[in-house]
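# Report on the structure
Listed here are the chains, written in short residue letters.
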There are 2 protein chains.
Amino acid sequence: MATISDVAARAGVSTATVSRTLNGKSTVDPELAARVVTAAEELGYQPNGLARNLRRQETAVLALIISDVENPFFTALARGVEDLAQTSGYSVVLCNADENVDKERRYLDVALQERVAGVVLSPTGPATNVALLRRLGTPVVAVDRPLAGTDGDQVLVNTHRAARDATRHLMAGGYRRIGCLSGPAGVRTADDRLTGYLDAVGEENALYRRASYRAEGARLAAGELLDLATPPDALLIANSTMAIGVLEALATRALRPGRDVGLVSFDDAPWATLIDPPLTVVAQPAYELGRAAAQLLLARIADHTRPVVTTTMDARLIVRESSHR
Amino acid sequence: MATISDVAARAGVSTATVSRTLNGKSTVDPELAARVVTAAEELGYQPNGLARNLRRQETAVLALIISDVENPFFTALARGVEDLAQTSGYSVVLCNADENVDKERRYLDVALQERVAGVVLSPTGPATNVALLRRLGTPVVAVDRPLAGTDGDQVLVNTHRAARDATRHLMAGGYRRIGCLSGPAGVRTADDRLTGYLDAVGEENALYRRASYRAEGARLAAGELLDLATPPDALLIANSTMAIGVLEALATRALRPGRDVGLVSFDDAPWATLIDPPLTVVAQPAYELGRAAAQLLLARIADHTRPVVTTTMDARLIVRESSHR
DNA sequence: CTGAAAGCGCTAACAC
DNA sequence: GTGTTAGCGCTTTCAG
């Protein structure tokens, strides 16, 4: 593969001149510039980003580490990050931690070693090596889930309140025994949604299960609840992927959402209006979350000393048919 | 940030010894090795991947460029690529071309400049700079959609036949006026699904629209078809995202899938069984496609001269209620 | 405005 | 088994 010195040789100039013309930094004699450009084209020259980054000690790529590529919430968020990054000339590479602490750690390592300009992270676990990243000067902003113990930029949604309000909505709809299906303990969004629910029903009426943030786990957990001697007459569900499992559990028991079991789920999936009855949801501003996180990250990259900020956005309850009889 | 020479200095050895111990290549005296390790830990040493890659002239990262992160088909594929790459110690960075030829070109450039080990590409357009990549020695394997004009490794699904069979299934179900909603012209999967459909119904009975591979476009296009003087009594839909739009179009017209309009859609979305009636689909082996593509890529990286292979997988028709009255 | 040369951090010959 | 040294390909002073 052609290098900058090949180009220099062919154009009869120094490598410095080639570098200058190709980067349009300092001004160079038009005639020489022309020679450089044609030489580069003839050789099919492609700059070596590795060498450039090594020399410049910086990279124009951001890493986005999400907990689950198959969750529409995160893909929407990813698009937000991407769209904003693009406007500033950054590329973003997406890493799927898959709700797996090891994978997350590995990706964090890669990000560090490849010296990305910054990382947007939706933490799966305690993510201890974020501290390392930050200490070594790589900006990190947490999105969706806070980063325990470290004080850095964050963009979150007020998920506790959203869960509490959604539960109250169910109570207002006349449901008397409301259950909750939340995600794994230790995942902050799952914890918050659960405590929001508990706040609304009161500890003494607690009736919940925790499962993975996946359909299968939710199906089983919902089954347990539904097969209780006194089963719940309504359910708050912590995300749209889990909602699929819950809906399956209801279907196999010939239970109809709304009439038999009131339902509210987090995340406004594209299919939420397609099912019968349409699903009442707590819509999170996923795309905006992504944009905001990217914006914070870019700002932090530009100025490492600026004050730390936490942005909190609200979720919105969209009432449809599954939450009343 | 600590460098290898800092570690060397602190351990009282040469940089070569540090490199050797940390990479476990050649064998080094246990006592020195121990000193190196503790020195590295004390300094919080993190190898600089850029420098290493520059020197080694190789990277352990794969790029996966997909056409749409928000399409479950591609995210399943992504997991396949990731899972396989992981087993061989490669990281994969996901780039979302967003069905946009410019973005795809930009990511291809990034891949080239960052000197990734190889790229798995689901081409959005003619992707002319793939030729460049290959010419410069970066292996590329095409997945889902073939790469026009270049002969490289590919893993595809026999989507033409799948579309034809799905259409025949609809005909066998007694539908007489079958329409088709396919993706953009020039996108090979969209073209193939359309011609498969045409093969089944015959050119003289053609009744189709093309739209973007998104819900909104499909909703509009389906509306056009449905509002015809003699509307179709069944529809073949080119992917699950479009199916959402079609279902919306039917709902606003109080048309019931199956009874009023027979439906078969490509891609077995998680919600396909949740709607009423459940959706008949053509399930593609997305995850396996990803695995196979990654495997081919790794093989190609290991041996640039091995024969080119095209793997074709079959899709599977899953009959549910939406395709009969 | 241009070229020579140093050096980013690392690995791999090559010598000892 | 270990150290010295020459680069990987680029950018960027520093002279001229």
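The rules behind each value
- Residues numbered from 1 in each chain as written.
- Chains lettered and ligands numbered in written order.
- Predicted model: local features only at pLDDT ≥ 70, side-chain atom pairs only at ≥ 80, totals over all residues.
- Heavy atoms only, no water.
- Near = heavy atom within 4 Å.
- Polar contact = N/O pair within 3.5 Å; in protein donor to acceptor, adjacent residues only side chain to side chain.
- Helix = DSSP H or I, 4+ residues; strand = E, 2+ residues; numbered from the N terminus.
- Buried < 20%, exposed > 50% of the residue type's maximum accessible area, 1.4 Å probe, protein only.
- Pairing = 2+ DSSP bridges.
- Right-handed = clockwise from strand over helix to strand, strands pointing away.
- Phe/Tyr/Trp six-rings, centres within 6.5 Å; stacked < 30°, edge-to-face > 60°.
- Lys NZ or Arg CZ within 6 Å of the ring centre and 35° of its normal.
- Domains from an automatic or database assignment.
- Contact = heavy atoms within 4.5 Å.
- Buried area = accessible area lost by both parts, 1.4 Å probe.
- Salt bridge = Lys/Arg side-chain N within 4 Å of Asp/Glu carboxyl O.
- Nonpolar A, V, L, I, M, F, W, Y, C, P; charged D, E, K, R; others polar.

### Describing the protein's contact with DNA strand D
- Of all residues adjacent to DNA strand D, which total 24 residues, the nearest are I4, Y45 and R55 of chain A together with T17 and D29 of chain B.
- The protein-proximal atoms of DNA strand D, defined as those within 4 Å of the protein, are 66% sugar or phosphate.
- One of the backbone N or O atoms of I4 of chain A is found 2.3 Å from a phosphate oxygen in DNA strand D.
- Where the surface near DNA strand D is concerned, the elements lending two or more residues are α2 (15-23) and α4 (49-56) of chain A together with α2 (15-23) and α4 (49-56) of chain B.
- Sort the elements by how many residues they give to the surface near DNA strand D and α4 of chain A lands first, with four residues.

### Considerations on the pairing of strand β2 (residues 91-96) of chain B
Residues and elements named next belong to chain B.
- A large share of β2 lies buried, amounting to six of its six residues.
- Relative to β2, strand β1 (residues 61-66) is paired through six bridges, and the arrangement is parallel. Across the sheet, I66 pairs through a bridge with N96, a residue of β2.
- Once you follow β1 into helix α5 (residues 72-87) and on to β2, the crossover reads as right-handed.

### Looking at the packing of aromatic side chains
All names here are of chain A.
- Inspection of every chain in the model, using the stated rule, returns two aromatic pairs over all chains.
- Relative to F74, the ring of F73 has its centre 5.0 Å away and its plane inclined at 70°; by these criteria the two rings are edge-to-face. Judged on exposure class, the residue F73 and its partner F74 are both buried.
- The aromatic ring of F266 is capped on one face by R193, whose charged end is 4.3 Å from the ring centroid.

### Re the domain arrangement of chain A
Residue and element names in this part refer to chain A.
- For chain A, the assigned domains read domain 1 (4-157 + 286-314) and domain 2 (159-283 + 317-323).
- Taking only C-alpha atoms into account, the centre of domain 1 sits 38 Å from that of domain 2.
- Facing the 13 residues of domain 1 at the interface are twelve residues of domain 2.
- The contact between domain 1 and domain 2 buries some 980 Å² in all, and 44% of this surface belongs to carbon and sulfur atoms.
- Looking only at domain 1, the three residues that lose the most surface to domain 2 are R145, P146 and V157, adding up to 35% of its buried area.
- Counting across the interface, domain 1 meets domain 2 through three salt bridges.
- When the shortest N-O distance is used, the salt bridge between D68 and R214 registers 3.5 Å.
- For the side of domain 1 that touches domain 2, the per-class residue count stands at four nonpolar, three polar and six charged.

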